[in-house]
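Here is what each chain is made of, one letter per residue.
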Amino acid sequence: MEELKKKHKEQEELLAAIFKGAYGSDLENRLEAESDFLDDRKHRVGAAKYKWSNGRNLLSHATAQLCLACKKWMSLPQINPQDKQGKWVVATEARNNVVAACQNITSARRYLSTIEFPYCKPPEVKVLETAASHVYTDMLSQQRHQYVYANVYHIMYKRCKALIDWFTHVLTETIAKDLAEATTAANAKAQELRQERLNLISVKIKEELQQDVSFEARAEDLADDSTSVTEDESQVFQAEGGEGEDKSGEEPPAADVDADEPFNPVPLKELVQTPNKEDLFGDAQELYKKHQENLEELEKNRMINKARQEQGLEEKLRARRSRRQRQEAVANEQQLQQA
């Protein structure tokens, strides 16, 4: 990123030296404005990809933590009732993983504060947090042990897993496609701008050195800033002590009793909460309006400069006519004197 900024600065300094701080042409001015607009759009989509990728990373950790918590919780009945210390250790590991999962789900929601998640909503996370605070009493009753597993731990694991699928769907079906389109459009405009500048430099060389040269902009010469947005830099919450996350890929055991409200994830294409473009990338209309205002300002400045040039030309013509009239007057006076 720093290297890219350095190259942009060097380019600006070089162009300023060649064209004495001004634009080489009105076309260059307009192309630069359009290129800036498309670059801004590309970076907005890139920022959305960054947030959603980090959010998915957090949810992946939360799902693994809930999976391990489920396995630990369901292993409690298999421990010798006399081994109270062993039961307490396993229950604590389950609790710590649930707490860490809640923190990671909450962090993912903060990354995307304007987006409504279809699953793992704040009230559901609150229920999970409450259950974590009662592990040491719930573990003492078989009925409570089975009930909290079926209605809280296991069902939240399934909800978190479904939420990851939704994140992946948004990233691949919407954000990735928009980023590819935005990058293609930005690169094409940047190449068009580069070619115009090369044409202007060719004209400048001819004026200064009396030599005909030509340059051609190539796509591979354009600066690549596709890696300027770094993915997966989210701060992941880890469970205190214990074995860490479950990375075996094995599903947690099924519940011994049915949940009060069984969880059946809605097919991804039917989810009404799929975010629209404004939720993902910001107010596109406001961005376009600003772009149009910039173009109108450029056109206004162009007309002013044109008027000034025409006025300057008219003044030169008047001066030329006045000089010619004076010369004619002197010539007439000399003819009269000779006569």
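Quick notes on the rules
- Positions within a chain are numbered from 1, following the residues in the order the chain's sequence is written.
- Whole-chain, interface and lining totals are the exception, using all residues; otherwise, since this is a predicted model, local features are given only for residues with pLDDT of at least 70 and side-chain atom pairs are given and counted only at 80 or more.
- Side-chain figures throughout are based on the complete set of non-hydrogen atoms in the structure, without hydrogens or water.
- Working definition: helices are DSSP H or I runs of at least four residues, strands are E runs of at least two. Numbering for both runs from the N terminus.
- Three exposure classes are used, based on accessible area relative to the maximum for each residue type with a 1.4 Å probe and protein chains only: buried under 20%, partly exposed in between, and exposed over 50%.
- What makes two residues a contact is simply this: any of their non-hydrogen atoms within 4.5 Å.
- Using a 1.4 Å probe, the Shrake-Rupley method yields the accessible areas, and only the shown protein chains count as cover for residues.
- Whenever a carboxyl oxygen of Asp or Glu lies within 4 Å of a side-chain nitrogen of Lys or Arg, that contact is scored as a salt bridge.
- Confidence of the predictor at the level of single residues is captured by pLDDT, which takes values from 0 to 100.
- Between rings of Phe, Tyr and Trp, where Trp is taken as its six-membered ring, a pair exists when centres lie within 6.5 Å; planes separated by under 30 degrees are stacked, by over 60 edge-to-face, and by other angles tilted.

Caption draft 1: The arrangement of the overall build of the protein chain in detail. From N to C terminus, the protein chain includes eight helices and zero strands. Ordered by position from the N terminus, the helices and strands of the protein chain form the series α-α-α-α-α-α-α-α. Looking at the protein chain as a whole, 36% of its 339 residues are labelled buried. Sequence-distant contacts, at least 24 apart, represent 84% of the contacts inside the protein chain between residues at least 6 apart. When the accessible surface of the protein chain is split by element, carbon and sulfur atoms take 49% of a total near 21,200 Å².

Caption draft 2: Main features of the pattern of salt bridges. In total, this model carries 12 salt bridges according to the counting rule given. Here Glu 34 ties to Lys 189 by a salt bridge, and the two come within 3.0 Å at their closest N and O atoms. Of this pair, Glu 34 sits in helix α2 (residues 26–75) while Lys 189 is found in helix α6 (residues 142–209), placing the two residues 155 residues apart along the sequence. The exposure classification of Glu 34 matches that of Lys 189, with both residues buried. Taking the shortest distance from any N to any O, the salt bridge between Asp 40 and Arg 44 comes out at 3.3 Å. Here the residue Asp 40 and the residue Arg 44 both occupy positions in helix α2, the gap between them amounting to four residues, near one helical turn. Salt bridges here are not isolated pairs; linked through shared partners, they connect Arg 30, Glu 34, Lys 189 and Glu 192.

Caption draft 3: Inspection of the confidence of the model for the protein chain at higher detail. The predicted model of the protein chain has a mean per-residue pLDDT of 79, with 63% of residues at 70 or higher. Of all helices and strands in the protein chain, the one with the weakest mean pLDDT is helix α8 (residues 284–338) (57), whereas helix α4 (residues 122–132) scores best (96).

Caption draft 4: Quick look at the packing of aromatic side chains. One pass over the full model with this rule turns up nine aromatic pairs. Aromatic side chains Tyr 50 and Tyr 111 sit 6.4 Å apart centroid to centroid with 70° between the ring planes, which places their arrangement in the edge-to-face category. Of the two residues, Tyr 50 sits in helix α2 while Tyr 111 sits in helix α3 (residues 84–111), which places them 61 residues apart along the sequence. The exposure class assigned to Tyr 50 is partly exposed, which follows from its relative accessible area of 23%. The class for Tyr 111 is partly exposed, based on a relative accessible area of 24%. Judged by centre distance (5.3 Å) and plane angle (90°), the ring pair of Phe 117 and Phe 167 falls under edge-to-face.

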